[in-house]
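Chains, contacts and geometry: an overview
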Amino acid sequence: MTPAPTKITRGLTGARWHLTTGGPAYDANLKSLQAKTGENELVLRCLLNRGLTEATAVRRFLEPEFPASLHPPALLRDMPLAVERLRRALANRERILVVTDFDVDGTTSSVILSQTLRLLGGGDLLTCYIPDRFTEGYGLSKQIVEQAAIAGTKLILTADIGIKSHAEARLTKELGIDLIICDHHLPDGEDVPADAFAVLCPKGSSGEGYPNKHLAACGVSLKLAEALLAEHPKRAALLASLAKLSAIGTVADMVDLSDGENRAIVRHGLRALSEPTPNPGLRALLKVAQVSNPVTTFDVGFRLGPRINAAGRIAHANSVLALFDAKTDAEADALAQRLDELNQERQQIQFTLQDRLLAYVDFLGERLDRVLIFSGQESEGFHRGVVGIACSKIVEKTGRPTLIAAINEEGVAHGSARSIDGFHIVEAMDSASDLFVKYGGHPMAAGFTIKADKLEDLKYRLNRYANEMLDDEALGRRFTADAEIRLAQVTPALVRALDRLEPHGSGNPPPLFWLPHVQLRGVQVLKEKHLKVALIDGPQSIAALWWNAAEHQKALAAASLSGRVSLLCRPEINVWNNRETCQLKVVDMAVE
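The following refers to the structure shown. As the structure is a computational prediction, the values presented were derived from the model and not from experiment.

Summarising the element assignment, R263 is placed in helix α10 (residues 260-273). Although R263 lies buried, it forms no salt bridge, and the closest oppositely charged side chain, E502, sits 7.2 Å away as judged by the N-O distance. Within the structure, R263 has its side chain in polar contact with the backbone oxygen of F61 (distance 2.9 Å). A distance of 3.4 Å separates a polar atom in the side chain of R263 from the backbone oxygen of L501. Ignoring anything within four residues of it in the chain, the contact list for R263 reads F61, P64, L257, S258, R500, L501, E502, P503 and N508.

What follows deals with a negative patch on the surface. Among the surface-exposed residues, D188, E190, E427 and D430 lie close enough to one another that they form a single negatively charged patch. Examined against the element boundaries, D188 turns out to sit in the loop between β6 (178-182) and β7 (198-200). Exposure remark for D188: the relative accessible area of 61% places this residue in the exposed category.

This next bit is on unusual backbone geometry. Cis geometry is found at the peptide bond from N293 to P294, where omega equals -5 degrees. Considering the arrangement of structural elements, one finds P294 in the loop between α11 (280-288) and α12 (297-314). Cis geometry is found at the peptide bond from E502 to P503, where omega equals 0 degrees. Here P503 lies in the loop between α18 (492-499) and β15 (513-526). Even without glycine at this site, Q290 takes up a positive phi of about 55 degrees.

Burial in helix α3 (residues 55-62) covers these residues: A55, A57, V58, F61 and L62. The arc that holds every buried residue of α3, seen down its axis, measures 160 degrees, which confines them to one face. Contact partners of the buried residues in α3: α1 (24-37), α2 (41-49) and α10.

The sheet built from five strands is open, its strands ordered β8-β9-β10-β12-β11 with mixed pairing. The strands lining the two open edges of the sheet, one partner per strand, are β8 (372-377) and β11 (436-441). Averaged over neighbouring strand pairs, the angle between their axes works out to 15 degrees when direction is ignored. Here β8 pairs with strand β9 (residues 402-407) via six bridges, running parallel. For I373, the partnering residue across the bridge sits in β9 and is L403.

The next subject is the pattern of salt bridges. This model, assessed by the stated rule, comprises 29 salt bridges. For R307, the salt bridge is made with D340, and the minimal N-O distance between the two is 2.8 Å. Here D340 lies in helix α14 (residues 329-364) and R307 lies in helix α12, a separation of 33 residues in the sequence. Put simply, R370 and D472 hold a salt bridge, and the shortest N to O gap is 2.7 Å. Residue R370 is located in the loop between α14 and β8, and its partner D472 is located in the loop between α17 (455-469) and β13 (478-481); the two are separated by 102 residues in the primary sequence. Taken together, the salt bridges that share partners define one network made up of E39, E63, R267 and R500.

Moving on, we get to the sheet that holds strand β4 (residues 126-129). In a beta sheet, neighbouring strands pair by backbone hydrogen bonds and run either parallel or antiparallel. Ordered in space as β4-β3-β5-β6-β7, the five strands form an open sheet in which the pairing is parallel. What marks the edges here is a single partner per strand, and that holds for β4 and β7. Across this sheet, the average inter-strand angle for adjacent strands is 15 degrees, counted without regard to direction. Packed on one face of the sheet, helix α6 (residues 142-150) meets β3 (96-100), β4 and β5 (155-159) and runs near 165 degrees to β3.

Our next topic: the side chain of S319. Within the secondary structure layout, S319 lies in helix α13 (residues 318-325). From its side chain, S319 meets the backbone oxygen of H316 in a polar contact 3.2 Å long.

An ideal rise of 1.5 Å per residue puts 26 Å on 18 residues; helix α9 (residues 235-252) measures up with 26 Å between its terminal C-alpha atoms. Helix geometry: α9 is bent most strongly at K244, by close to 25 degrees. For α9, the set of buried residues is L238, L239, L242, A243, K244, L245, S246, A247, I248, G249, T250 and V251. Contacts made by the buried residues of α9 are with α5 (104-119), α8 (217-228), α10, α11, α12 and α13.

Structurally, P509 can be placed in the loop between α18 and β15. Considering only alpha carbons, one finds P509 and D256, 253 residues apart in sequence, at a separation of 9.9 Å. Not counting residues within four places of it along the chain, the set of residues in contact with P509 comprises R50 and H504.

Where α6 contacts helix α7 (residues 166-174), the two axes come as close as 9 Å, and the packing angle between them is 15 degrees. In terms of orientation, α6 lies roughly parallel with respect to α7. Crossing of α6 over α7 shows right-handed handedness. Touching K142, V145 and E146 of α6 are A167, E168, L171 and T172, all from α7. Looking at side-chain class alone, the contact of α6 with α7 contains three nonpolar, one polar and three charged residues.

Put simply, α13 and α14 touch, their axes get as near as 9 Å, and they point 150 degrees apart. As judged from the angle between their axes, α13 and α14 are roughly antiparallel. Two packed elements cross with a definite hand, and for α13 against α14 that hand is left-handed. Seen from α13, the contacting residues are S319, V320, A322 and L323; seen from α14, they are A332, L335, A336 and L339. The residue makeup of the contact of α13 with α14, split by class, is seven nonpolar, one polar and no charged.

Moving on to the nonpolar core. One finds L86, L117, L157 and L224 to be the most contacted residues of the largest nonpolar core, which totals 76 residues. Contacts of L157, omitting those with residues within four sequence positions, involve L86, L97, V98, V99, L113, L117, I180, C182 and L224.

Calculation rules
- Residues numbered from 1 in each chain as written.
- Predicted model: local features only at pLDDT ≥ 70, side-chain atom pairs only at ≥ 80, totals over all residues.
- Heavy atoms only, no water.
- Helix = DSSP H or I, 4+ residues; strand = E, 2+ residues; numbered from the N terminus.
- Buried < 20%, exposed > 50% of the residue type's maximum accessible area, 1.4 Å probe, protein only.
- Lys, Arg positive; Asp, Glu negative; His and termini not counted.
- Salt bridge = Lys/Arg side-chain N within 4 Å of Asp/Glu carboxyl O.
- Polar contact = N/O pair within 3.5 Å; in protein donor to acceptor, adjacent residues only side chain to side chain.
- Contact = heavy atoms within 4.5 Å.
- Patch = residues over 30% accessible without salt bridge, like charges linked within 9 Å, V, L, I, M, F, W, Y side chains within 5 Å.
- Areas by Shrake-Rupley, 256 points an atom, 1.4 Å probe, with all protein chains shown as cover.
- Charge placed at Lys NZ, Arg CZ, Asp CG, Glu CD.
- Arc of directions from axis to C-beta.
- Pairing = 2+ DSSP bridges.
- Axes fitted to C-alpha atoms, helices over the stretch in contact; angles between N-to-C directions.
- Expected span 1.5 Å × (residues − 1).
- Bend = angle between axes of the 7 residues up to and from the residue.
- Parallel < 35°, antiparallel > 145°, perpendicular 65-115°, else oblique.
- Left-handed = near helix turned anticlockwise from the far one by under 90°.
- Nonpolar A, V, L, I, M, F, W, Y, C, P; charged D, E, K, R; others polar.
- Core = buried A, V, L, I, M, F, W, Y, C linked by side-chain atoms within 4.5 Å.

As structure tokens, this is what we get:
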């Protein structure tokens, strides 16, 4: 029983605010959970809002155990086949090719699989391959399969790609190569390639018996590693170490973190990342990203992940594999520094394109389509390595599904799409499937290739589809608060209680609270970009920080003279000179 949001107001950002409210049944459930668990009321409200109604489910959510919360690998239908074939390849000294995607999920999968096979004696049999984003594009191609056959490869193992590669699977069979696919991208209503030797995927016929439908590819790779290492004397320690990589990929790929297995992988992985590591590459990456202990999902999502992704976005993801294979600190430091430089280059390209598109969005104002489609020449700043990130920023600003495409000299557009809740972007693309060269992805994100002269038709057809599927209420920015709080409730004890809801991500966003009718006493601009405000509610006072919100300084300065404000915010602990105080991180404010 998930309560329905009730509309409240609009904030200075223009977003609609909603407060999650219950009824008699909700209140009774809350009271029952309090009695059975003894947990903080606000923590339980957050959990009820995420669909957890039973005390046992609450306990599992708050205390996921590794490896106890992991499901048996054999629940994936083809796991015994995959394990037997890989062990046979190792015993017969057959050449193995590991092919993965160029993003964080793909590269961490490659490291997990290659390290596992090396531990089992397959180092000299193994080749890891990542397609070039710019010259080859996404996925397992016929060219890769044909080159593998020429090289004498007998087994291809993919991760984060391959689930839609029906033609390539047929080709591997024709060429006498066995194909094992580790993936999670299977669209609803489709099934796995019938000609693959084995398919490890939590969805479709291959995953009918697997409880967690939200494993990332690095999670599937971890399951394969777990099964392959079943008889290894150091299995537990090795699995715990590999889970660090799986945690990075799981967070970066934004899969559901309300699931117990994913939570166990990420929580354990974050704790392990906070401990000293023997891997020079991981040490160098943590250092160059300025990640300190304890490592959080924010660190992974905004510091580690972008640097790993930058290689495939700007250059080639092989440098990520080289980083984790580095044998010395000097070698690792040089590779990590290169990733940092690529990330800075990525940021500059992204910000330039992003600012350009956001200015155009502001120019259009109320004339925005339901689905936004932008395109331009690669030579004019539409870099295919950053269009996905720019899409996310446009969606964040407008609350509308967005596609951005980079057109090359041959008139072919390579693009990314990002969506909003309730609008399955791949199903929308299915409505215009004949226009694409290829496409695929998740409900909220997709990639595509299309001839540039088809883009106008695509814009028309996607918006025609959206007119039927999206009403006005679904469009635009919106925030949903978990509960109403007062300043007197904001204490270090509350923040620590809320911290138990970590790790946050898709399916389990950080708690958001509505703080109504407080006095505003002073507005300060920090570094010309951010705001710091002082809030008073009776005898209580607190500081609140609102990042990148300097544009709202005038409205708040006027309110500080005579009015009150309401906030959407998240409580935090600020430590200064070994003294703890609470502060608020503002998401939006409304002047009353």
